[in-house]
Amino acid sequence: AGAVEMAAVSLFMQGAYKRDPQSYFEEALSNFEGTCKAHNFAVRATLLYFEYLKFRGMYREASVALTRMASEDTPLCSALLMEQAAICYLRMHPPMARKYAFYMLSAAHRFKKAFQRR
């Protein structure tokens, strides 16, 4: 799974998309979540995948990936992932303000659960 993840990162950094890095990222995520049961590595792969999707302007897919990973983590990490997903909804064309507000409130609730009131 780690090798597939690094293959996706190297394809992304090359800039030549003969093969699609997105399929490599998705395969790495499914391997980390399913076969390996390594949640920390799955979060790392999700963040790399998020940066790839953000670079390509695919904000809807990025928010879906972040939301999927946010449902399975500690409250603080989950809140950070939900906050980034909310920002993705705001950057879409046209912006989805209601979804942004909903996900930001969800992130705020998770921050409160993690005792991060500030």
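Procedures and definitions
Residues numbered from 1 in each chain as written. Predicted model: local features only at pLDDT ≥ 70, side-chain atom pairs only at ≥ 80, totals over all residues. Heavy atoms only, no water. Helix = DSSP H or I, 4+ residues; strand = E, 2+ residues; numbered from the N terminus. Buried < 20%, exposed > 50% of the residue type's maximum accessible area, 1.4 Å probe, protein only. Contact = heavy atoms within 4.5 Å. Areas by Shrake-Rupley, 256 points an atom, 1.4 Å probe, with all protein chains shown as cover. Lys, Arg positive; Asp, Glu negative; His and termini not counted. Charge placed at Lys NZ, Arg CZ, Asp CG, Glu CD. Core = buried A, V, L, I, M, F, W, Y, C linked by side-chain atoms within 4.5 Å. Phe/Tyr/Trp six-rings, centres within 6.5 Å; stacked < 30°, edge-to-face > 60°. Salt bridge = Lys/Arg side-chain N within 4 Å of Asp/Glu carboxyl O. Axes fitted to C-alpha atoms, helices over the stretch in contact; angles between N-to-C directions. Parallel < 35°, antiparallel > 145°, perpendicular 65-115°, else oblique. Left-handed = near helix turned anticlockwise from the far one by under 90°.

1. Digging into the overall build of the protein
For the protein, the count of helices and strands is 6 helices and 0 strands. For the protein, the spread of C-alpha atoms along the three principal axes comes to 45 × 35 × 20 Å. Taking all 118 residues of the protein together, 36% fall into the buried category. Residue pairs in contact within the protein that sit at least 24 positions apart in sequence constitute 55% of those at least 6 positions apart. Counting every atom, the protein has about 7,300 Å² of accessible surface; 58% of that belongs to carbon and sulfur. Charged side chains of the protein number 16 positive and 10 negative; the gap between the two group centres comes to 8 Å.

2. Structural notes on the nonpolar core
Phe25, Tyr49 and Met69 are the most contacted members of the largest nonpolar core, which totals 31 residues. Of all the secondary-structure elements, those providing two or more residues to this core are α1 (2-14), α2 (21-36), α3 (39-56), α4 (59-70), α5 (75-91) and α6 (97-113). No other element matches the 7 residues that α3 contributes to this core. When near neighbours in sequence (up to four residues on either side) are disregarded, Phe25 contacts Glu5, Ala8, Val9, Ala45, Leu48, Tyr49 and Tyr52.

3. A few points about the packing of aromatic side chains
Inspection of the entire model under this criterion finds 2 aromatic pairs. Feature note: the residues Tyr89, Phe102 and Tyr103 constitute an aromatic cluster, connected by ring pairs.

4. Let's talk about unusual backbone geometry
Here the bond from His93 into Pro94 is cis, since omega is -5°, no more than 30 degrees from zero. Summarising the element assignment, Pro94 is placed in the loop between α5 and α6.

5. Things to note about the pattern of salt bridges
Two side chains bearing opposite charge may form a pair once their charged atoms approach each other closely. Taken as a whole and assessed by the stated rule, the structure comprises 1 salt bridge. Of the charged contacts, one joins Glu51 and Lys54 as a salt bridge, the two residues approaching to 3.4 Å between their closest N and O atoms. Here Glu51 and its partner Lys54 are both found in helix α3, 3 residues apart, which amounts to about one turn of the helix. With relative accessibility at 24%, the residue Lys54 sits in the partly exposed group.

6. Some thoughts on the packing of α1 against α3
Axis separation between α1 and α3 bottoms out at 11 Å; the angle between their running directions is 20°. When the axis of α1 is compared with that of α3, the two are roughly parallel. Note that α1 runs across α3; the crossing there is left-handed. Contacts between α1 and α3 involve Glu5, Met6, Val9 and Phe12 on the former and, on the latter, Arg44, Ala45, Leu48, Glu51, Tyr52 and Phe55.

7. Here's the deal with the environment of Met82
Take Met82: it is sitting in helix α5. Separated by 18 residues in sequence, Met82 and Val64 place their C-alpha atoms 10.0 Å apart. Apart from residues no more than four positions distant in its own chain, Met82 is found in contact with Thr67, Ala70, Tyr103, Ser106, Ala107 and Arg110.

8. Regarding the packing of α1 against α2
Running from amino to carboxyl end, α1 crosses α2 at an angle of 160°, the nearest separation of the two axes being 8 Å. Accordingly, the angle class assigned to the pair α1 and α2 is roughly antiparallel. As for how α1 packs across α2, the hand of that crossing is left-handed. Residues Gly2, Val4, Glu5, Ala7, Ala8, Val9, Leu11 and Phe12 of α1 touch α2, and the partners they reach there are Pro21, Tyr24, Phe25, Glu27, Ala28 and Phe32.

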